[in-house]
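Below are the chains, spelled out letter by letter.
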Amino acid sequence: MTPQASPASLPHIPEILRLICEHLIWEKKTLVALARTCKTLEGPALDVLWFSLDDFYQLVKCLPSNVLREETKDDKTTYLVLKHYLLLSDCSRLLHYAKRVRHFTFVNLGRMSPKQVHITVFQGLQVALQGHKLLPNVRHLTWRCKNLNISPYLHMFLGPNLSKIQYTFSPRSPVQLSLVPALCEQYHSLKAVEFLFDDDNSSTKSKGQATGLISIFIYKWSSLESLTVPNATYSALLKLSQLPHLKSLKIIQCKLDNDPPTTSKGGFPVLASLELQQCHAASDCIAVITLMGCSPLRDMRVAIIEAETSSSWKKIFLSINQHCCHDTLQNFHFWDGDGQDMIPTSTRTDMIKYEDIRPLLDFHNIRIINAGFHRGLYLSNPSLIKEMATCWKSIEILIFEHSKSFRGGNSSNISLLDLLPISEHCSELQMLGLPFHANSLPELDKDNVPWSNVCATNLTRLFVGNSPITNPALVAATLSAIFPSLEDILTISDDLDDGDGDLEQNPTVQTMHDAWKQTEELVKMFSIVRTQERSYTRSH
């Protein structure tokens, strides 16, 4: 009989104990029990429990009860208030836990936050700590504080090992804005920085001044790997393009200087992800894209508030073709519009045409294309679908116009059977969204079945938008043959049915939605039969 080892004889290997506790990261009660078991387990369990902290209120409650009191104001906000000055000895328990925090989130939304730490606590901690950091080992910090009196105490939470910070501030606040240069000058080793404007009523002038200040400092982080800014000047982007380690760049509300140059400069030697959000004009996007040079871009996201003309996107796509590496780009996300519906009276001359997106066909390693155009997409010729399918053989997600912009009339000349080239060439495809019509299907020659070369067996979801349909059974039979693994069919109504009564007010949309949902149920049944057929064919 093998004797069992007692707990006291088990090897105390820190790495193993840490892995055990990390495995229990979502089992808070279990971790608390482990921490109370013995000194050996206390440290690893507490490290996991306090690894991520998003409630400063709870940390402050670790101070002795005789130095704190809770006060509830008329607005039903509860404050932790300091009774008297703190001594360093009063903070021993709090610091015992604070040193274990690696990710810290501080959010103070003023009256919207029901529990808050009073400014007297910040003042007391600053005096008691005598210049030491409250969170000496924090690595990631998220800070959003509407209380301008508390903002100056941000420095207490910035440990020497800080590598990532997300700082949300008001452009109107000189106090919050002054912290931007301080971060740059004191924390040179930051690798990820996010500067965000708080959602307030700041004027364009205030935002412009804040952008100017940010632009002066952001390129001074030589080890920066990821950057998010509300905007930046073109001269700052030129300097950013020379950073040797920058891999991800996101610009929100991109609006550059007047008439930025559009000639290629070359830069961003290791940039893999570029996101241009809420761009004011196509020219702003193009100015940034021309800086790419031979960047090994993998992901690109471009969102314009409103494209000036249908040719605006064509200019953007041409610029992408000319200035971005064809071999590395895999994921495209494009949107325009301000969230409003597409104007139903849009004509085909106003819409994005297939010829406009043709420059993207040179990117043969594309995995994802997700595009929603405010003006809509007009597909005029079925042969274009075949060209698209043969160029994007590795595509996994191909969605055009799946959004509320589908409320406009269906403008496609593409029929259901015209999707066959996609089924034949795109073996990796999982999601498809293209406008087409399924009103009529031709009689098929039983000796020449058109879907004999189907290879898109991974496609499970189809976005049909407002594609018309008259015979759900026949459409379902065809779809189950073309896309044998299809499970879900989503229509425009799946976007519209958001509780505002749109479906009830639009009987045409409701009728179309019901027909496609009937098709969806039939597809599932037909797919079972198709699976049995293929199994029988292989066995014989």
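Quick notes on the rules
Residues numbered from 1 in each chain as written. Predicted model: local features only at pLDDT ≥ 70, side-chain atom pairs only at ≥ 80, totals over all residues. Heavy atoms only, no water. Salt bridge = Lys/Arg side-chain N within 4 Å of Asp/Glu carboxyl O. Helix = DSSP H or I, 4+ residues; strand = E, 2+ residues; numbered from the N terminus. Buried < 20%, exposed > 50% of the residue type's maximum accessible area, 1.4 Å probe, protein only. Core = buried A, V, L, I, M, F, W, Y, C linked by side-chain atoms within 4.5 Å. Contact = heavy atoms within 4.5 Å. Disulfide = S-S within 2.5 Å. Phe/Tyr/Trp six-rings, centres within 6.5 Å; stacked < 30°, edge-to-face > 60°.

Caption draft 1: Region of interest: the pattern of salt bridges. Under the counting rule described, the total for this entry stands at 12 salt bridges. For Arg100, the salt bridge goes to Asp47, with nearest N and O atoms at 2.7 Å. With Arg100 in the loop between helix H5 (92-98) and strand S4 (103-108) and Asp47 in helix H3 (residues 39-49), this pair connects stretches of sequence that are 53 residues apart. Between Lys61 and Glu70 there is a salt bridge; the shortest N-O distance is 3.7 Å. Given the relative accessible area of 41%, Lys61 is considered partly exposed. You can call Glu70 partly exposed: its relative accessible area is 47%.

Caption draft 2: A look at the nonpolar core. Counting residues in hydrophobic clusters, the biggest one holds 160 residues, and the most contacted among them are Phe56, Phe195, Ile320, Trp392 and Phe400. When neighbours within four sequence positions are excluded, Phe56 is seen to be in contact with Phe104, Phe106, Val117, Phe122, Leu125, Leu134 and Phe157. Counting 5 residues, the second largest nonpolar core, distinct from the first, contains Ile368, Ile397, Ile399 and Leu490.

Caption draft 3: Seen up close, the environment of Lys255. Here Lys255 lies in the loop between strand S10 (248-252) and strand S11 (273-279). Among all residues touching Lys255, those that are not within four sequence positions of it are Asn231, His280 and Asp284.

Caption draft 4: Highlighting the state of the cysteines. Tallying each qualifying case throughout the model produces 0 disulfides. Of all cysteine sulfurs, the one in Cys279 lies closest to Cys285, which takes part in no disulfide; the gap is 3.2 Å.

Caption draft 5: Summary view of the side chain of Asn321. For Asn321, the location among the structural elements is in helix H11 (residues 311-323). Excluding residues that lie within four positions of it along the chain, Asn321 makes contacts with His326, Pro359, Asp362 and Phe363.

Caption draft 6: Layout of the packing of aromatic side chains. Counted according to the given criterion, the structure contains 27 aromatic pairs. For the ring pair Trp50 and Tyr97, a centre distance of 4.9 Å and an interplane angle of 15° mean the geometry is stacked. Of the two residues, Trp50 is situated in the loop between H3 and strand S1 (52-53) and Tyr97 in helix H5; the sequence distance between them amounts to 47 residues. Each of the two residues, Trp50 as well as Tyr97, counts as buried. Consider the rings of Phe122 and Phe157, whose centres lie 6.5 Å apart with planes at 65°: the pair is edge-to-face. With a gap of 35 residues between them, Phe122 in helix H6 (residues 119-129) and Phe157 in the loop between strand S6 (140-145) and strand S7 (164-169) connect regions that are remote in the sequence. Accessibility assignment for this pair places Phe122 and Phe157 in one class, buried. A connected cluster of aromatic rings, assembled from ring pairs, spans Phe56, Phe104, Phe106, Phe122, Trp143, Tyr153 and Phe157.

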